[in-house]
Amino acid sequence: MATLEKLLQVKSRKGAGYFVLIDPDKWRQEQLTEFSIAAGEAGADAVLIGGSLLLSASFDELVKRIKEHVDIPVIIFPGNTTQISRHADAIFFLSLISGRNPTFLIGEQVRSAPVIKALNIEPISIGYMLIESGCTTSAEFMSNTRPIPGNKPDIAKATALAAEYLGMRLLYLEAGSGAKQSVPCEMITQVRDYVSLPLIVGGGIRTPAEAAAKVSAGASFVVIGNVLEYSNSFNLMKEFAEAIHFQK
Ligand code: 1GP
């Protein structure tokens, strides 16, 4: 079964899905394997691998190792075209639609599409929207784009609808890794009510309660990265799973 279909099934079975993000630059190789195994055991529905930069030279090897150790889908969440590996189950094929930088709207996609096809990786088309978060995040700095203001849900709604009309499959509302403020719940609800695409929400979510609030607001998938890397706590990883899954 295709990875996108698996993710959508997770959403209908559990109410919402839980993605654990691994930024390869923040870990040593051996720790990364352990961390991803823990993510699977804690109840994560997929491991995302990627970052705004890539300082290590062994991305392909890293994805291979993680894939060998986990049963859940391993999905590349690329900061740029250097982050591609044949060992992944799928790759988020992102277009940064909140910005007006052609490199991240279509340039990187033109470069990477033939490579993704040659390596036979499943591309998952995603409208990627950066939302203002109280500080300059790596995603904002590296993409050289301005995020959508947190208090302008109408802009977020119009952007999301354009993504739907363009045929994208998912939307990602992103405050940025380590964001001071996560995506406002009010904005999530307004976008959820306006479009029919499932929403991935991530960036700056630090507690299980905050993750649960994102699901109640309308997130179909929640991404947790930084707080798990810093705490390195299996219990916290599990608490996020419990908070995200099976909400009323
Ligand atoms: C970043 O949305 C992800 O792209 C996760 O953010 O690292 O802040 O959890 P955090």
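Cut-offs and rules
Residues numbered from 1 in each chain as written. Predicted model: local features only at pLDDT ≥ 70, side-chain atom pairs only at ≥ 80, totals over all residues. Heavy atoms only, no water. Helix = DSSP H or I, 4+ residues; strand = E, 2+ residues; numbered from the N terminus. Contact = heavy atoms within 4.5 Å. Near = heavy atom within 4 Å. Polar contact = N/O pair within 3.5 Å; in protein donor to acceptor, adjacent residues only side chain to side chain. Areas by Shrake-Rupley, 256 points an atom, 1.4 Å probe, with all protein chains shown as cover. Core = buried A, V, L, I, M, F, W, Y, C linked by side-chain atoms within 4.5 Å. Buried < 20%, exposed > 50% of the residue type's maximum accessible area, 1.4 Å probe, protein only. Arc of directions from axis to C-beta. Expected span 1.5 Å × (residues − 1). Bend = angle between axes of the 7 residues up to and from the residue. Axes fitted to C-alpha atoms, helices over the stretch in contact; angles between N-to-C directions. Left-handed = near helix turned anticlockwise from the far one by under 90°. Salt bridge = Lys/Arg side-chain N within 4 Å of Asp/Glu carboxyl O. Pairing = 2+ DSSP bridges.

Student: Explain the side chain of T159 to me, using residue names and the numbers behind them.
Tutor: Here T159 lies in helix α6 (residues 153–165). Excluding its chain neighbours within four sequence positions, the residues that come into contact with T159 are I97, S98, M129 and I148.

Student: An account of the site of the ligand is requested, with residue identities and associated values reported.
Tutor: The local shell around the ligand holds 14 residues, among which E174, S177, G178, G204 and N226 are the closest. Interatomic distance of 2.7 Å between a backbone N/O atom of G178 and an oxygen atom of the ligand. Contacts to the ligand include G204, whose backbone N or O atom sits 2.8 Å from an oxygen atom. Relative to its unbound accessible area of 310 Å², the ligand is 96% covered by the protein chains.

Student: Which residues make up the nonpolar core, and what are the values?
Tutor: One finds Y18, M129, L171, I224, L228 and F240 to be the most contacted residues of the largest nonpolar core, which totals 61 residues. Excluding anything up to four places from it in sequence, M129 contacts I97, S98, I148, A156, T159, A160, L171, Y172, L173 and E174. L4, F19, I75 and F221 belong to the second-largest nonpolar core, a separate cluster that totals 22 residues.

Student: Describe in detail helix α3 (residues 59–69), supporting the description with residues and values.
Tutor: Among the residues making up α3, those that are buried are F59, L62, V63 and I66. Down the axis of α3, the smallest arc covering the buried residues is 95 degrees, so these residues share one side. The secondary structure elements touched by the buried residues of α3 are β1 (17–22), α2 (29–42), β2 (46–49) and β3 (74–76).

Student: Hey, could you go over helix α4 (residues 102–119) for me, with residue numbers and the actual values?
Tutor: The end-to-end C-alpha distance of α4, which contains 18 residues, comes to 25 Å, matching closely the 26 Å that a straight helix rising 1.5 Å per residue would cover. The largest bend along α4 measures about 35 degrees and falls at V110, with the proline P114 one to four residues further on. Buried-residue contacts for α4 involve β4 (90–96) and β5 (122–130). Of the residues that open α4, the one with a side-chain oxygen 3.0 Å from the backbone nitrogen of T103 is N101.

Student: Report on the packing of α2 against α3, specifying residues and quantitative values.
Tutor: Two elements in contact, α2 and α3, have axes whose closest approach is 9 Å; the angle formed by their N-to-C orientations is 35 degrees. The two elements α2 and α3 meet at a crossing, and its hand is right-handed. Mapping the contact onto sequence places Q29, E30, L32, T33, S36 and I37 in α2 and L62, R65, I66 and H69 in α3.

Student: Could you give an account of the pattern of salt bridges, naming the residues involved and the relevant values?
Tutor: Per the stated rule, a full pass over the model turns up 6 salt bridges. The shortest N-O distance in the salt bridge between E68 and K64 comes to 3.5 Å. In this pair, E68 and K64 are both assigned in helix α3, 4 residues apart and thus about one turn of the helix distant. A salt bridge links K157 to D154, with the shortest nitrogen-to-oxygen separation between them at 3.8 Å. Taken as a pair, K157 and D154 lie in helix α6 at a separation of 3 residues, close to a single helical turn.

Student: Pulling in residues and values, what's your account of the sheet that holds strand β6 (residues 170–174)?
Tutor: With parallel pairing, the 8 strands of this closed barrel are ordered in space as β1-β2-β3-β4-β5-β6-β7-β8. Within this sheet the neighbouring strands show an average axis-to-axis angle of 30 degrees, counted without direction. One ladder, built from 5 bridges, connects β5 with β6; its direction is parallel. By the bridge assignment for β6, L130 is matched with E174. Packing against the sheet, helix α7 (residues 185–194) makes contact with β6 and β7 (199–202), and its axis sits at approximately 170 degrees to β7.

Student: Give me the lowdown on the pairing of β5, citing residues and values where you can.
Tutor: Direction of pairing for β4 relative to β5: parallel, over a ladder of 7 bridges. Directly across from L96, in β5, lies its bridge partner Y128.

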